[in-house]
Amino acid sequence: MRGTFLGMPAFPEAAARAVADPVLRANLRHATHTIRDKRARAVAELDDWALLREAGRRIKDRTLRHLDTHLLRLEEAVTAAGGTVHWAEDAAEANRIVTGLVRATGEREVVKVKSMATQEIGLNEALEAEGIAAYGTDLAELIVQLGEDRPSHILVPAIHRNRGEIRDVFRDRMAGWGRPAPDGLTDAPADLAEAARLHLREKFLRAKVGVSGANFMVAETGTLVVVESEGNGRMCLTLPETLISVVGIEKVVPSWRDLEVFLQTLPRSSTAERMNPYTSMWTGTTDADGPGAFHLVLLDNGRTAALADEVGRQALRCIRCSACLNVCPVYERAGGHAYGSVYPGPIGAILTPQLRGTASEVDASLPYASSLCGACYEVCPVAIDIPEVLVHLRGRVAGRGGRGHRLERAAVRAATWLLDHPGALAAGERAASAARGVLPSRPPGSGAWTGGRELPEVPRRPFRDWWRENRA
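Residues numbered from 1 in each chain as written. Predicted model: local features only at pLDDT ≥ 70, side-chain atom pairs only at ≥ 80, totals over all residues. Heavy atoms only, no water.

Novice: Pulling in residues and values, what's your account of the environment of H199?
Specialist: You can see H199 is positioned in helix 10 (residues 189-206). C-alpha separation for the pair H199 and D47, spaced 152 residues apart in sequence, amounts to 43 Å. What H199 contacts, discounting residues up to four positions off in sequence, is L142, M174, W177, G178 and R179. (Helix = DSSP H or I, 4+ residues; strand = E, 2+ residues; numbered from the N terminus. Contact = heavy atoms within 4.5 Å.)

Novice: Which residues make up a nonpolar patch on the surface, and what values go with them?
Specialist: A cluster of nonpolar side chains, namely F463, W466 and W467, defines an oily patch on the protein surface of about 360 Å² accessible area. As for its position among the elements, W466 is in helix 23 (residues 463-471). Judged by relative accessible area, W466 falls into the partly exposed class, the value being 37%. (Patch = residues over 30% accessible without salt bridge, like charges linked within 9 Å, V, L, I, M, F, W, Y side chains within 5 Å. Areas by Shrake-Rupley, 256 points an atom, 1.4 Å probe, with all protein chains shown as cover. Salt bridge = Lys/Arg side-chain N within 4 Å of Asp/Glu carboxyl O. Buried < 20%, exposed > 50% of the residue type's maximum accessible area, 1.4 Å probe, protein only.)

Novice: If you had to explain helix 12 (residues 256-270) to someone new, which residues and values would you point to?
Specialist: Look at helix 12: 21 Å from first C-alpha to last across 15 residues, which is about the 21 Å you get at 1.5 Å a residue. Within the sequence span of helix 12, burial applies to D258, L259, V261, F262, T265, L266, P267, R268, S269 and S270. Where helix 12 terminates, the next one or two residues include A272, which has phi positive at roughly 60°. (Expected span 1.5 Å × (residues − 1).)

Novice: Requested: an account of the sheet that holds strand 3 (residues 133-136), with residues and values cited.
Specialist: Spatially, 1-10-7-4-2-3 is the arrangement adopted by the 6 strands of the open sheet, whose pairing is parallel. Edge strands, defined here as strands with exactly one partner in the open sheet, are strand 1 (84-88) and strand 3. The sheet shows a mean angle of 25° between the axes of neighbouring strands, taken without regard to direction. Taken together, the 2 bridges between strand 2 (residues 109-112) and strand 4 (residues 209-212) define a ladder with parallel strand orientation. From the neighbouring strand, K112 faces strand 4, where its bridge partner is V211. (Pairing = 2+ DSSP bridges. Axes fitted to C-alpha atoms, helices over the stretch in contact; angles between N-to-C directions.)

Novice: So what's going on with the nonpolar core? Which residues, and what values?
Specialist: One finds F11, L74, F170, L296 and I350 to be the most contacted residues of the largest nonpolar core, which totals 98 residues. Filtering out sequence-adjacent residues up to four positions away, F170 remains in contact with L139, L142, I143, L146, A181, L185, L192, A195 and A196. A88, A94, V110 and A134 belong to the second-largest nonpolar core, a separate cluster that totals 20 residues. (Core = buried A, V, L, I, M, F, W, Y, C linked by side-chain atoms within 4.5 Å.)

Novice: Residues and numbers for the environment of D47, please.
Specialist: Mapped onto the fold, D47 is located in the loop between helix 2 (22-44) and helix 3 (49-65). Owing to a relative accessible area of 84%, D47 belongs among the exposed residues under this scheme. Each C-alpha atom, one on D47 and one on G437, is 59 Å from the other, the two residues being 390 residues apart in sequence.

Novice: If you had to explain the pairing of strand 2 to someone new, which residues and values would you point to?
Specialist: Residues E109 and V111 of strand 2 are buried on one face, and the alternating residues V110 and K112, pointing to the opposite face, are buried as well. Pairing geometry for strand 2 and strand 3, over 4 bridges, is parallel. Bridging across to strand 3, K112 finds its partner in G136.

Novice: Let's hear about the environment of A383: which residues, and what values?
Specialist: With respect to the secondary-structure elements, A383 resides in the loop between helix 18 (375-379) and helix 19 (386-399). Look at A383 and you get buried, because its relative accessible area is 9%. As a C-alpha pair, A383 and R57 span 326 residues in sequence and 6.0 Å in three-dimensional space. In contact with A383, not counting residues within four places along its chain, are R53, R57, Q314, R317 and Y377.

As structure tokens, this is what we get:
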């Protein structure tokens, strides 16, 4: 899957292909509706949900304003607890650090906890280039990896697959990666889970190096936190001799008291649970308990650039719950692959263009991958105003120019002049009404709009004429 997201078409083209796939749309509709309905019930149980949401927003904003101080405090605490901290400015540097650390152990394989940050930097591909096999251990990531596929959801990377497709992937591909699927494997969830457990167990027991991300980092003690539902993460965090964690710098929180808020809002917003089945925490190293070597790679990769944007920086509040994906009408129809990034959906539409810039066609198209309905903002547990950031980023893209944006600016200037001159506007309205029978339904150059919309019919006479006659 090396170079998975390079050269992808812009969102409109990729989305058009996805919308034409009825199986994909059915899979997405069933999954997103199920998750969001469960989430709504879980959130409704808390009378103080709005207060928790506001507390999460304020904690994140306060932390981002003093991010440098909290990161230095985190580094000091991790080092004092026996860990080693590495700073990575971009994906290439992070990959060099991790591959170097793995090579130093002499190992040629690692087990991985589900991690958006390692997907973001293409760590699996970087390790593969160095002859190191990286095995995903999350069930959904295992499905994606075995199927040579791409993740399409933050929480459920294989959301675009149904049970029959997963059974076929396990039957056809498991043997090439280790223990084969059991004979007579069915598409029953229990059978699929058991096949994955048997396949992964031998990898857990053999691996000497584990790679993870983290949901949160507590600056005051240097503690990292991973929340999950399957238990595979805890196996990766405790069994290997060496643990390497790659974490975005925005994941830090100042104190345990701050963490308390997010351990209430994240489970309900993501898996619709009151608490995660597995919440794993570790602080440095401890003799005879867990890995003997711990390395923390703090990843920037565009985050400080996003932090400098007063409007866009709120995207760094994100706690990766995926609630915005499950309510988004655009994501439900287009799926995650259309976004050309490991961060799909509404949050990906504002985060990816800030981390990667808007120079490429696909990144420049992402701020437009939204109806601006606002449902994403309503469910966000840290109150990210995604529509506001989308409009802000659209302005940035338009400001760069390009043929389409030059025509748009010219049209807006012409409309501004016309609206500033009532006499000219009235004459134009009368001329349009007189020519209504011969006006084209799709004016030249309007294909991007009229491809999915119908222009309104021009009235027989302008409203201002009707008003002048009837007002008397």
